[in-house]
Amino acid sequence: MKFLLPSQISSSRGIAFLRIVFGGLLLLHGVQKLLAGQPAFEATIAAMGVQKAELMSWLVIWGETGLGALLVLGALTRVAGFLAALMYAGIWFVTESGKPLLSNSPGINAELLILYIALALAFAFIGAGALSLDRKLFAGKPARKSRR
């Protein structure tokens, strides 16, 4: 029955596992777009009707690449999670708002974007977990006292 009540250590390892997988997927998406060439991604999003497609393509490419790397490393995890949630909320708003949640169309859809937003926000709230630069750099630092 001990399995049903995980320890703080196993919970922290589970958080780290999710962080590394999620960050790795973000990083992979960004690197894929970078290797395919920014103009190709710009053309794709311009065809979707995205305004300022050149700027937006670079923001998404570097956002996915940079934030994904930070999440994999567990560095500035809460900031990276918050920024990733903002980025994916913006992508959802521009590309999917007004469309049905579930779709048979290939590619990114609202359901996947909502999952990305939820995961990113979870890391903004809970932090990096085990095996992270955040833990290595900031472990043992006194926590801020809350005001009441």
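I will try to describe carefully the structure that is included in this document. From a predicted model like this one, the values you see are computed outputs, not experimental measurements.

## Digging into the layout of surface pockets
Move 1: Size it by volume and the second largest pocket reaches roughly 370 Å³.
Move 2: Taken together, 13 residues line the second largest pocket, and the ones lying closest to its centre are Arg78, Gly127, Ala128, Asp134 and Phe138.
Move 3: Those elements giving two or more residues to the lining of the second largest pocket turn out to be helix 4 (77-95) and helix 6 (133-138).
Move 4: Tallied by class, residues from the lining of the second largest pocket come to 6 nonpolar, 4 polar and 3 charged.

## Here's the deal with the packing of helix 4 against helix 5 (residues 110-126)
When two helices pack together, their arrangement is given by the angle between the helix axes and by the axis-to-axis distance.
Move 1: It is at 7 Å that the axes of helix 4 and helix 5 come closest, and there the two elements cross at 160 degrees. On the basis of the axis angle, helix 4 is roughly antiparallel to helix 5. Relative to helix 5, helix 4 is oriented so that their crossing is left-handed. Contacts from Thr77, Arg78, Gly81, Phe82, Ala84, Ala85, Tyr88, Ala89, Ile91, Trp92 and Thr95 of helix 4 reach helix 5 at Ala110, Leu113, Tyr116, Ile117, Ala120, Leu121, Phe123, Ala124, Phe125 and Ile126.
Move 2: Counted by class, the contact of helix 4 with helix 5 contains 17 nonpolar, 3 polar and 1 charged residues.

## Quick notes on the packing of aromatic side chains
Move 1: Per the stated rule, a full pass over the model turns up 4 aromatic pairs.
Move 2: Seen from their ring centres, Phe22 and Tyr116 are 5.6 Å apart, and the 70 degrees between their planes marks the pair as edge-to-face. A residue pair is termed long-range when its members are at least 10 positions apart, and Phe22 in helix 1 (residues 8-36) and Tyr116 in helix 5 qualify at 94 residues.
Move 3: Residue classification places Phe22 among the buried positions, given a relative accessible area of 2%.
Move 4: Taking relative accessible area as the criterion, Tyr116 reaches 8% and is therefore assigned buried.
Move 5: Each ring, one from Trp58 and one from Trp62, has its centre 6.3 Å from the other, and the planes form 10 degrees; the classification is stacked. Within this pair, Trp58 and its partner Trp62 are both found in helix 3 (residues 53-73), separated by 4 residues, close to a single helical turn.
Move 6: Each residue in the set Phe22, Tyr88, Tyr116 and Phe123 is aromatic and connected to the rest through ring pairs, giving one cluster.
Move 7: Taking NZ or CZ as reference, Lys33 lies 5.1 Å from the ring centre of Phe41, over its face.

## A look at the nonpolar core
Move 1: Membership of the largest hydrophobic core comes to 21 residues, with the highest contact counts inside it found for Phe22, Leu26, Leu71, Tyr88 and Ile91.
Move 2: Contributions of two or more residues to this core are made by helix 1, helix 2 (38-47), helix 3, helix 4 and helix 5.
Move 3: In terms of residues, this core owes the most to one element, helix 4, which gives 6 residues.
Move 4: When neighbours within four sequence positions are excluded, Tyr88 is seen to be in contact with Leu26, Glu64, Leu113, Tyr116 and Ile117.

Conventions we followed
- Residues numbered from 1 in each chain as written.
- Predicted model: local features only at pLDDT ≥ 70, side-chain atom pairs only at ≥ 80, totals over all residues.
- Heavy atoms only, no water.
- 1 Å grid on protein atoms, 1.4 Å probe; cavity = no way out; pocket = protein on both sides within 12 Å on 5 of 7 lines; lining within 4 Å.
- Points joined across faces, edges and corners; volume = space filled by probe spheres on them.
- Helix = DSSP H or I, 4+ residues; strand = E, 2+ residues; numbered from the N terminus.
- Nonpolar A, V, L, I, M, F, W, Y, C, P; charged D, E, K, R; others polar.
- Axes fitted to C-alpha atoms, helices over the stretch in contact; angles between N-to-C directions.
- Parallel < 35°, antiparallel > 145°, perpendicular 65-115°, else oblique.
- Left-handed = near helix turned anticlockwise from the far one by under 90°.
- Contact = heavy atoms within 4.5 Å.
- Phe/Tyr/Trp six-rings, centres within 6.5 Å; stacked < 30°, edge-to-face > 60°.
- Buried < 20%, exposed > 50% of the residue type's maximum accessible area, 1.4 Å probe, protein only.
- Lys NZ or Arg CZ within 6 Å of the ring centre and 35° of its normal.
- Core = buried A, V, L, I, M, F, W, Y, C linked by side-chain atoms within 4.5 Å.

Functional significance is not addressed by these values, which are geometric in nature.
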